[in-house]
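Below, each chain spelled out in residue letters.
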Amino acid sequence: MQITSLDGPDAMEFADVAAPVAGSDQVLIKVHAAGASFPQLLQTRGLYHVKPPLPYAPGCEVAGEIVSAPKGSRFAPGDRVAALPMIGKIPMIGGFAELAVATADMTFALPKEISFVEAASLPLNYLTAYFALIERGGMAPGESVLVQGAAGGIGTASIQIAKAFGASRVIAVTSTPEKGAAAIAAGADKYVLVDGFSGAVKELGSVDIVVDPVGGNRLTDSLRTLKEGGRLLVVGFTSGEIPTVQVNRLLLNNISVVGVGFVPERHRHLQAEWEAIMPHVRSGTLKPVIGATYALNDAAVALREIDQRRAVGKIVLTV
Ligand SMILES: NC(=O)c1ccc[n+]([C@@H]2O[C@H](COP(=O)([O-])OP(=O)(O)OC[C@H]3O[C@@H](n4cnc5c(N)ncnc54)[C@H](OP(=O)(O)O)[C@@H]3O)[C@@H](O)[C@H]2O)c1
């Protein structure tokens, strides 16, 4: 499924293209499921910071079976894996396809308990939520967490990671009661609606950490919900607006605003992050919320669902 022009999801084309060839340090994967998420939507419009030359298949995460692997790697043909694929030297693309390549350090062994559809939901959102809350946010057991955009992909993953790693309380912020119910089903303790959320959160009690994949004009209110020493984790900008921080708010309460970026250095953390979440995946504590599945050639429908703010949990393409 290829982006051939930057005219949005409907301009993607389902095409027969040459199979990717794995480099000497890469595995070749027969894709069974591919995660669809906000970055691919942005890429169909050329609005994401990764801008590969056209045409290319988007898709930053897959689950499937190893077709071939370099000698001496941890993988062998037939192994079930999840991966963050790449095309050429550009990481995090190439997943909306029947075959994908990935380096061994971006490929993860799958436990038998997890389906390909669930597995395709893990690498981007769950590893990011872990990196955000535990590594960047330094979340300690017993701390409380507020999650913006809580019914979405990053949102549901953040709720579950926070709970799995000992958060005392997770409050979800959503735009509708239906999405609030979805956040509760994902594991949140309470939900509040976006309108007037900071007042509602203060009544419930201020929080130690805010996970913010939304940005926009709710940032200042998010800062108001933090306790002394609180941290706001900047994960993304689904509102379409990059907010400005009034730094006096940080000084007044010893608050930190912390960036959560997928920088090249992070590649070295990925396997350790995967190992950290796997016991919770095996036990079922981390259970991806699958909002919908679509066939690969319906990728445009899947991305439109995200575009129109209708997606709940993770949208997955089956191949
Ligand atoms: N930093 C990283 O490493 C990293 C990794 C992965 C993803 N991200 C970013 O994280 C963000 C969230 O991704 P996601 O996959 O969780 O997206 P998603 O599943 O679509 O969820 C995003 C949520 O944002 C809220 N939202 C508020 N205004 C919106 C608008 N105008 N349009 C659409 N949604 C809006 C919606 O919740 P309500 O309707 O309840 O408000 C929605 O559920 C994206 O910006 C993505 O690029 C960053």
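Quantities reported herein were computed from a predicted structural model and do not represent experimental measurements.

A.B. asks: I would appreciate a short explanation of the packing of aromatic side chains in the present structure.
C.D. replies: Within a pair of aromatic rings, the relevant descriptors are the distance that separates the centres and the angle that separates the planes. Within the structure shown, the criterion is met by two aromatic pairs. On the basis of an interplanar angle of 20 degrees and a centroid distance of 4.6 Å, the ring pair of F108 and W274 is categorised as stacked. Here W274 lies in helix 9 (residues 270-283) and F108 lies in strand 7 (residues 107-109), a separation of 166 residues in the sequence. Accessibility assignment for this pair places F108 and W274 in one class, buried. For the ring pair Y130 and F165, a centre distance of 5.2 Å and an interplane angle of 70 degrees mean the geometry is edge-to-face. Placement of Y130 in helix 3 (residues 123-136) and of F165 in the loop between helix 4 (153-164) and strand 9 (169-174) is noted, with a sequence separation of 35 residues between them. We classify F165 as buried; its relative accessible area is 18%. The ring of F116 has R80 lying over it, and the distance from NZ or CZ to the ring centre is 4.6 Å. Sitting over the ring of F131, R266 keeps its end group 4.3 Å from the ring centre.

A.B. asks: I'm lost on the site of the ligand in this one. Help?
C.D. replies: Taken together, 24 residues lie near the ligand, and G153, I154, S175, K179 and V260 sit nearest. Contacts to the ligand include I154, whose backbone N or O atom sits 2.7 Å from an oxygen atom. The contact in question runs from an oxygen atom of the ligand to an N or O atom on the side chain of R309, over 2.8 Å. Out of a free accessible area of 910 Å², the ligand has 91% covered by protein chains. Put simply, the parts of the chain that give the shell around the ligand at least two residues each are helix 1 (38-44), helix 3 and helix 4. Residues that form the shell around the ligand fall into these classes: eleven nonpolar, ten polar and three charged. The two domains that each donate at least three residues to the shell around the ligand are domain 1 (9-122 + 288-318) and domain 2 (125-259).

Conventions and cut-offs
- Residues numbered from 1 in each chain as written.
- Predicted model: local features only at pLDDT ≥ 70, side-chain atom pairs only at ≥ 80, totals over all residues.
- Heavy atoms only, no water.
- Phe/Tyr/Trp six-rings, centres within 6.5 Å; stacked < 30°, edge-to-face > 60°.
- Helix = DSSP H or I, 4+ residues; strand = E, 2+ residues; numbered from the N terminus.
- Buried < 20%, exposed > 50% of the residue type's maximum accessible area, 1.4 Å probe, protein only.
- Lys NZ or Arg CZ within 6 Å of the ring centre and 35° of its normal.
- Near = heavy atom within 4 Å.
- Polar contact = N/O pair within 3.5 Å; in protein donor to acceptor, adjacent residues only side chain to side chain.
- Areas by Shrake-Rupley, 256 points an atom, 1.4 Å probe, with all protein chains shown as cover.
- Nonpolar A, V, L, I, M, F, W, Y, C, P; charged D, E, K, R; others polar.
- Domains from an automatic or database assignment.

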